[in-house]
Amino acid sequence: KHGVLTRKSHADMDGKRTPRGRRGWKKFYAVLKGMILYLQKDEYKPDADLSEVDLKNAVRIHHALATRATEYSKRPNVLKLKTSDWRVFLLQAASEEEMMSWIFRINLV
Ligand code: I3P
C-alpha cells in the first residue's frame, strides 16, 4: 500500500514526549512494504535506491499498533501509530477511508 501521509512525532524511543522543535507536521510519500513503513520525501520509485534520510525515517511496524487518534482533534483523518520501541507517531491520511485502510493494513502485519 502507498499514499501520502503527514507525520507528527509525539513520543521518542524511550517513550518520552518528543521535545519541542521536533514536533512539527511533515508530509511524506508512504510505502508499506513487508514489515516496514517507508516515509519517503519523494514519490515512490519502484527501482530507486532509498536515500539515507528515507532509511532513517522508515518505521518498523512489527508489533506496532495503529488506532484512530481519537484524542487528537486539530486535524481530521489522523491515526496514532505506537511502535514496539515505544515511539508514537500521529499520521494524517488524505481521507477517512485512507486512514481506515492504513490502520487495517498496519495492524495486519
Ligand atoms: C510544534 C509544531 C506542531 C505543534 C506542536 C509544536 O512545534 O508547531 O505543529 O503540534 O505542538 O510543538 P515545533 O515544530 O517547534 O516542534 P500541533 O500542530 O498538533 O499543534 P505540541 O507541542 O502541542 O504537540
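Everything that follows concerns the structure shown earlier in this document.
Because the structure is predicted, anything quoted here is derived from the model rather than measured. (Residues numbered from 1 in each chain as written. Predicted model: local features only at pLDDT ≥ 70, side-chain atom pairs only at ≥ 80, totals over all residues. Heavy atoms only, no water.)

Now for the overall build of the protein. Along its length, the protein carries 2 helices and 7 strands. Going from N to C terminus, the protein has its helices and strands arranged as β-β-β-α-β-β-β-β-α. A compact globule built from 109 residues would reach a C-alpha radius of gyration of about 13 Å, and the protein, at 13 Å, matches this within 12%. In terms of overall dimensions, the protein has a C-alpha envelope of 40 × 30 × 25 Å along the principal axes. (Helix = DSSP H or I, 4+ residues; strand = E, 2+ residues; numbered from the N terminus. Rg over C-alpha atoms; globule rule 2.2 N^0.38 Å.)

In this structure, the largest pocket occupies an estimated 280 Å³ of space. Elements represented by at least two residues in the lining of the largest pocket include exactly β1 (2-11) and α1 (52-57). A breakdown of the residues in the lining of the largest pocket according to their chemical character gives 4 nonpolar, 3 polar and 7 charged. Its volume calculated, the second largest pocket comes out at about 160 Å³. Residue lining of the second largest pocket: 14 residues in total, with Gln40, Lys45, Ala48, Asp49 and Leu50 positioned closest to the centre. Of the residues that constitute the lining of the second largest pocket, the class distribution is 5 nonpolar, 2 polar and 7 charged. (1 Å grid on protein atoms, 1.4 Å probe; cavity = no way out; pocket = protein on both sides within 12 Å on 5 of 7 lines; lining within 4 Å. Points joined across faces, edges and corners; volume = space filled by probe spheres on them. Nonpolar A, V, L, I, M, F, W, Y, C, P; charged D, E, K, R; others polar.)

As paired strands, β1 and strand β2 (residues 25-33) are joined by 7 bridges and run antiparallel to one another. When the bridges of β2 are listed, Lys8 appears paired with Trp25. Pairing analysis gives 5 bridges linking β2 to strand β3 (residues 36-40), with the strands arranged antiparallel. The partner of Leu32 across the bridge, within β3, is Leu37. In textbook terms, the turn of a hairpin is the stretch between consecutive antiparallel strands, and for β2 and β3 this stretch comprises 2 residues, one of which, Gly34, has a positive phi near 60°. (Pairing = 2+ DSSP bridges.)

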